[in-house]
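Remarks on the overall topology
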Amino acid sequence: PFILSIAGGGSTYTPGIVKSLMVRLHDFPLAEIRLYDIDEARQNTIAPVVEKVIRDHSQSIKFTVTSDPEVAFSGAHFVFAQMRVGQYKMREQDEKIPLRHGVVGQETCGPGGLAYGLRTILPMVELIDRVERYAHEKAWIVNYSNPAAIVAEGVRRLRPNARVLNICDMPVAAMRNMGAILGVDRHKLEVDYFGLNHFGWFTRVRVDGEDKLPELRKHIAKFGLLTEDAAKTDPQHSDPSWVKTWRNIKPIMDNFPEYLPNPYLQYYLMPNQIVEHQNPDYTRANEVMNGREKKLFAAAEEYQRSGILPDAFHVGVHGEFIVDVACSLAFNLRQRHLVMVENRGAITNLPYDAVVEVPAYITSEGPEPIRVGRVPLFHQTLLQQQLASEQLLVEATIEGSYEKALQAFTLNRTVPTMEHAKAILDEMIEANRDYWPAL
Ligand code: G6P
Ligand code: MN
């Protein structure tokens, strides 16, 4: 049985992930679960809920809550990482500062994502070093930490040999919705996909070898990438703002009648429309703080008081996916999953060393990407520009370079002009004083 540590133990996602682990104990046996967080108070609030989830399934799994990296990682076989540097308070800044300049305000896309990247790369590397210092030598870090594309690129640059697998639940959430539309379980789908994280396209969706993308496109043309069924099994992604996100891919698909875009492409391809419908005083961070976070904290309090735990956290593809990936790593299952991986020629007309998101077989030594081949000029160009923006941001972080940060902001498709880029960057430097390396 494995020792598993969750870094970012105080996250609202922790109970859902642990619930998924409990459901899969036969596939992924556990001796111990450790929660690790630098925010002790927050983690201590969530921990009793997590303990209850564990005890409902097992009396024997050891449960440890700590803010000491040595306690957290000593001998660990797996680390699930989900850090949020600056927490939701800083996400709020990431979203609101660009909006004040008429630019998309989003957690991972546009200036918000770049700012979040500047906060996260170095702490992520510090976490990797701590894990490598204490954990089992073959330990894997499975990393959900956002902004995933930038974090993955930063890790590739600074710790190229680390055993870190960067993942995102967006493709698998899309597949869950596709399955609901087609009336098949998402595990029966085999998809082809290329791109960067939160920036890519599905090119085939096979069920028993038959491509169902044409059929899916008909449904999506009417309703977006959503069914009532899909909404029911994913309370998070069925919030009104998420429903809008799944619907909004319709115009992109209609205008570029090939493939199926990742919903996040709407931020890059229709930024004006997005900005028009965003409330600069109440963004997604506010929705999450007043919704998911508040609900979980209230439930934790209620549980402490009455011993009864209200239904307050999300169990779904997010937790299922990280457990699937861990199983494939642990037992060399070579399952096919969409993950972030160094390109190494998988997409022949993107740089060899770019971090891309493509299907890969997950072995115990890591992901083996599947060959994609050449992508069309239009997609290649969009990808190149986004990649350049993200790579410059990573270099800005490493070198403490204002110039490169400004270039990263300027190259981002959500940012209309260099003047916008500069004004937003300068405000963000102020807001991120406690977090960014000096630029
Ligand atoms: C998806 C993305 C994550 C992102 C999350 C935000 O799951 O894959 O990268 O963090 O959505 O959801 P939220 O409910 O916090 O807005
Ligand atoms: Mn994601």
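Residues numbered from 1 in each chain as written. Chains lettered and ligands numbered in written order. Predicted model: local features only at pLDDT ≥ 70, side-chain atom pairs only at ≥ 80, totals over all residues. Heavy atoms only, no water.

1. Things to note about the overall build of the protein
Helix and strand content of the protein: 18 helices and 13 strands. On the principal axes, the C-alpha backbone points of the protein span a range of 55 × 55 × 40 Å. Considering the protein as a whole, with its 439 residues, one finds that 60% of them fall into the buried category. Summed over all atoms, the accessible surface of the protein reaches about 17700 Å², with 49% contributed by carbon and sulfur. Between the centroid of the 47 positive side chains of the protein and the centroid of its 55 negative side chains there is a distance of 3 Å. (Helix = DSSP H or I, 4+ residues; strand = E, 2+ residues; numbered from the N terminus. Buried < 20%, exposed > 50% of the residue type's maximum accessible area, 1.4 Å probe, protein only. Areas by Shrake-Rupley, 256 points an atom, 1.4 Å probe, with all protein chains shown as cover. Lys, Arg positive; Asp, Glu negative; His and termini not counted. Charge placed at Lys NZ, Arg CZ, Asp CG, Glu CD.)

2. Examining the pattern of salt bridges
Considering all chains together, one arrives at 39 salt bridges under this definition. In this structure, Glu190 engages Arg206 in a salt bridge whose closest nitrogen and oxygen atoms are separated by 2.9 Å. Taken together, the residues Glu190 in strand β7 (residues 189-196) and Arg206 in strand β8 (residues 199-207) connect sequence positions 16 residues apart. Taken together, the salt bridges that share partners define one network made up of Arg84, Arg91, Glu95 and Glu107. (Salt bridge = Lys/Arg side-chain N within 4 Å of Asp/Glu carboxyl O.)

3. Describing the coordination of the manganese ion (ligand 2)
Around the manganese ion (ligand 2), the protein supplies Cys168 (SG) and His198 (NE2) as donor atoms, at distances of 2.3 to 2.4 Å. Here Cys168 is found in the loop between β6 (164-166) and α7 (170-182), whereas its partner His198 is found in the loop between β7 and β8, with 30 residues between them in sequence. This pair shows no difference in class: Cys168 is buried, exactly as His198 is. (Donors = N, O, S within 2.8 Å, 3.2 Å for Na, K, Ca; no water.)

4. Quick word on the side chain of Thr120
Tracing the chain through its elements places Thr120 in helix α5 (residues 111-134). Within the local environment of Thr120, its side chain forms a polar contact with the backbone oxygen of Tyr116, the two atoms lying 2.7 Å apart. Excluding its chain neighbours within four sequence positions, the residues that come into contact with Thr120 are Met83, Val85, Asn146, Pro147 and Val151. (Polar contact = N/O pair within 3.5 Å; in protein donor to acceptor, adjacent residues only side chain to side chain. Contact = heavy atoms within 4.5 Å.)

5. As for unusual backbone geometry
Of note, the bond from Asn146 into Pro147 is cis; its omega dihedral lies within 30 degrees of zero at -5°. Structurally, the position occupied by Pro147 is in the loop between β5 (140-143) and α6 (148-158). Notably, Asp208 is not glycine yet its phi reads approximately 50°, a positive angle. Tracing the chain through its elements places Asp208 in the loop between β8 and β9 (210-211). By relative accessible area, Asp208 is classed as exposed at 66%. The phi dihedral of Arg344 falls on the positive side, at around 45°, and the residue is not glycine. Of note, Arg344 is situated in the loop between β11 (335-342) and β12 (355-363). Relative accessible area serves as the criterion here: at 55%, Arg344 is assigned to the exposed category.

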